[in-house]
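# Coordinate analysis (summary)
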2 protein chains.
Amino acid sequence: MEEQIDSVGKAFVDHYYHLFDNDRPAMSSLYQPTSMLTFEGQKLQGVEDIITKLTQLPLDQCRHVISTVDSQPASVTGGIVVFVSGSLQLPGENHPLQFSQMFHLSPTPQGNFFVLNDIFRLNY
Amino acid sequence: MEEQIDSVGKAFVDHYYHLFDNDRPAMSSLYQPTSMLTFEGQKLQGVEDIITKLTQLPLDQCRHVISTVDSQPASVTGGIVVFVSGSLQLPGENHPLQFSQMFHLSPTPQGNFFVLNDIFRLNY
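No experiment lies behind these values; they were computed from the predicted model shown.

About the criteria used
Residues numbered from 1 in each chain as written. Chains lettered and ligands numbered in written order. Predicted model: local features only at pLDDT ≥ 70, side-chain atom pairs only at ≥ 80, totals over all residues. Heavy atoms only, no water. Helix = DSSP H or I, 4+ residues; strand = E, 2+ residues; numbered from the N terminus. Polar contact = N/O pair within 3.5 Å; in protein donor to acceptor, adjacent residues only side chain to side chain. Contact = heavy atoms within 4.5 Å. Pairing = 2+ DSSP bridges. Axes fitted to C-alpha atoms, helices over the stretch in contact; angles between N-to-C directions. Buried area = accessible area lost by both parts, 1.4 Å probe. Salt bridge = Lys/Arg side-chain N within 4 Å of Asp/Glu carboxyl O. Nonpolar A, V, L, I, M, F, W, Y, C, P; charged D, E, K, R; others polar. Least-squares fit on C-alpha atoms with pLDDT ≥ 70 in both. Buried < 20%, exposed > 50% of the residue type's maximum accessible area, 1.4 Å probe, protein only.

### Focus: unusual backbone geometry
Non-glycine residue Glu40 of chain A carries a positive phi angle of around 50°. By the element assignment, Glu40 of chain A lies in the loop between strand 1 (31-39) and strand 2 (42-45).

### Digging into the side chain of Gln101 of chain A
Residue position: Gln101 of chain A is located in strand 5 (residues 97-107). Within polar-contact distance, the side chain of Gln101 of chain A engages the side chain of Tyr17 of chain A at 2.6 Å. With sequence-adjacent residues up to four places away left out, Gln101 of chain A is seen in contact with Tyr16, Tyr17, Val82, Phe83, Val84, Asp118, Ile119 and Phe120 of chain A together with Phe83 of chain B.

### Here's the deal with the sheet that holds strand 1 of chain A
All names here are of chain A. Strand order in the open sheet made by the 6 strands is 2-1-6-5-4-3, with mixed pairing throughout. Every other strand in the sheet has two partners, leaving strand 2 and strand 3 (63-73) as the edge strands with one partner each. The average angle at which neighbouring strand axes cross in this sheet is 15°, direction not considered. As defined by bridge partners, strand 5 adjoins strand 6 (residues 113-122) across 9 bridges and the pair is classed as antiparallel. Bridge pairing in strand 6 links Pro107 to Phe113. Strands in contact with helix 1 (residues 2-22) are strand 1, strand 3, strand 4 (80-89), strand 5 and strand 6; relative to strand 3, the strand with the most contacts, it is inclined by about 150°.

### Examining the interface of chain B and chain A
Contacts between the two partners involve 28 residues from chain B, matched on the other side by 28 residues from chain A. When the two sides are added together, the surface that chain B and chain A hide from each other amounts to roughly 2,300 Å², 56% of it contributed by carbon and sulfur. Between Asp70 of chain A and Arg121 of chain B there is a salt bridge, and its shortest N-O distance comes to 2.7 Å. Our count for the chain B to chain A interface comes out at 16 residue pairs in polar contact (both at pLDDT 80 or more). Elements represented by at least two residues in the side of chain B that touches chain A include exactly helix 1 (2-22), strand 1 (31-39), strand 3 (63-73), strand 4 (80-89), strand 5 (97-107) and strand 6 (113-122) of chain B. Class assignment for the residues of the side of chain B that touches chain A results in 10 nonpolar, 12 polar and 6 charged.

### With respect to the environment of Val81 of chain B
In this structure, Val81 of chain B sits in strand 4. In contact with Val81 of chain B, not counting residues within four places along its chain, are Met102, His104, Asn117 and Ile119 of chain A together with Asp70, Ser71, Gln72, Ala74, Phe103 and His104 of chain B.

### Here's the deal with the sheet that holds strand 1 of chain B
All names here are of chain B. Spatial ordering of the open sheet is given by 2-1-6-5-4-3, a layout of 6 strands whose pairing is mixed. Strand pairing shows two members of the sheet lacking a second neighbour, strand 2 (42-45) and strand 3, which therefore form its edges. Averaged over all pairs of adjacent strands, the angle between strand axes in this sheet comes to 15°, irrespective of strand direction. Here strand 4 runs beside strand 5; their pairing, made up of 9 bridges, is antiparallel. Of the residues in strand 5, the one forming a bridge with Val82 is Phe103. Against the sheet, helix 2 (residues 47-56) makes contact with strand 1 and strand 2, and its axis sits at roughly 40° relative to strand 1, the strand it touches most.

### Regarding the relation of the copies chain B and chain A
The operation relating chain B to chain A is a screw motion whose rotation component is 180°, with 0.0 Å of axial translation and a residual RMSD of 0.0 Å. Taken together, the turn and the small shift mark the pair as related by a two-fold rotation axis. Looking at chain B, 100% of its interface residues are interface residues in chain A too, so the copies touch through the same face.

### Things to note about the pattern of salt bridges
Residues and elements named next belong to chain A. Considering all chains together, one arrives at 6 salt bridges over all chains under this definition. In this structure, the salt-bridge partner of Arg24 is Asp60, at a minimum N-O distance of 3.2 Å. Remark: Asp60 occurs in the loop between helix 2 (47-56) and strand 3 and Arg24 occurs in the loop between helix 1 and strand 1; sequence separation between them is 36 residues. Note on Arg24: relative accessible area 8%, which makes it buried.

Here's what the structure looks like:
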């Protein structure tokens, strides 16, 4: 069970940042109307507002490099919390930006997960 | 509702780090048998194991300084996710350690919250 949670967390994280770095509009598949994103303190809710925010970030050709992924079961209802630390490499910048991000993944009736909670902070 | 969530998150964070810095054994009041802590990748579950870990950390006279607290409702069942960034000042050390930590607070039948999920990472 514990290994399964870790596998789901890591697979989600790989998928999330792969889409972010390569096809940000496709990240709409990860969110639902109840999803919340707090990005550097700015609160957004729902697929449209979240994707608008994410696609408008000036992060073209950025690359996320993941340092740690910690996952735990979030409840008896099958949710998972995932905590990520890593760095964000921007083109032409020598110094990557350190960040931390947490996700609360909630199960769908179809057996997948969507992002219910998403909180992102740069680490200064 | 949103302001209430923020207030609960901030009040919890103040309480948590106040206990950590002043009376670590009393943090047992924050956890329950289903609680999980992942501390720098080490997984612990249950009040006793979590408090043993926390009280054995070589952080006497440390002081947590909080930089940001972001909170969101975690589900329709009344949970809250809280994401914290800050620094850890150790006595005799000039350079504070940066950290990030997330909590998933779950409501109790008595109308309080306990820490269901707790994940801590230093930011290198």
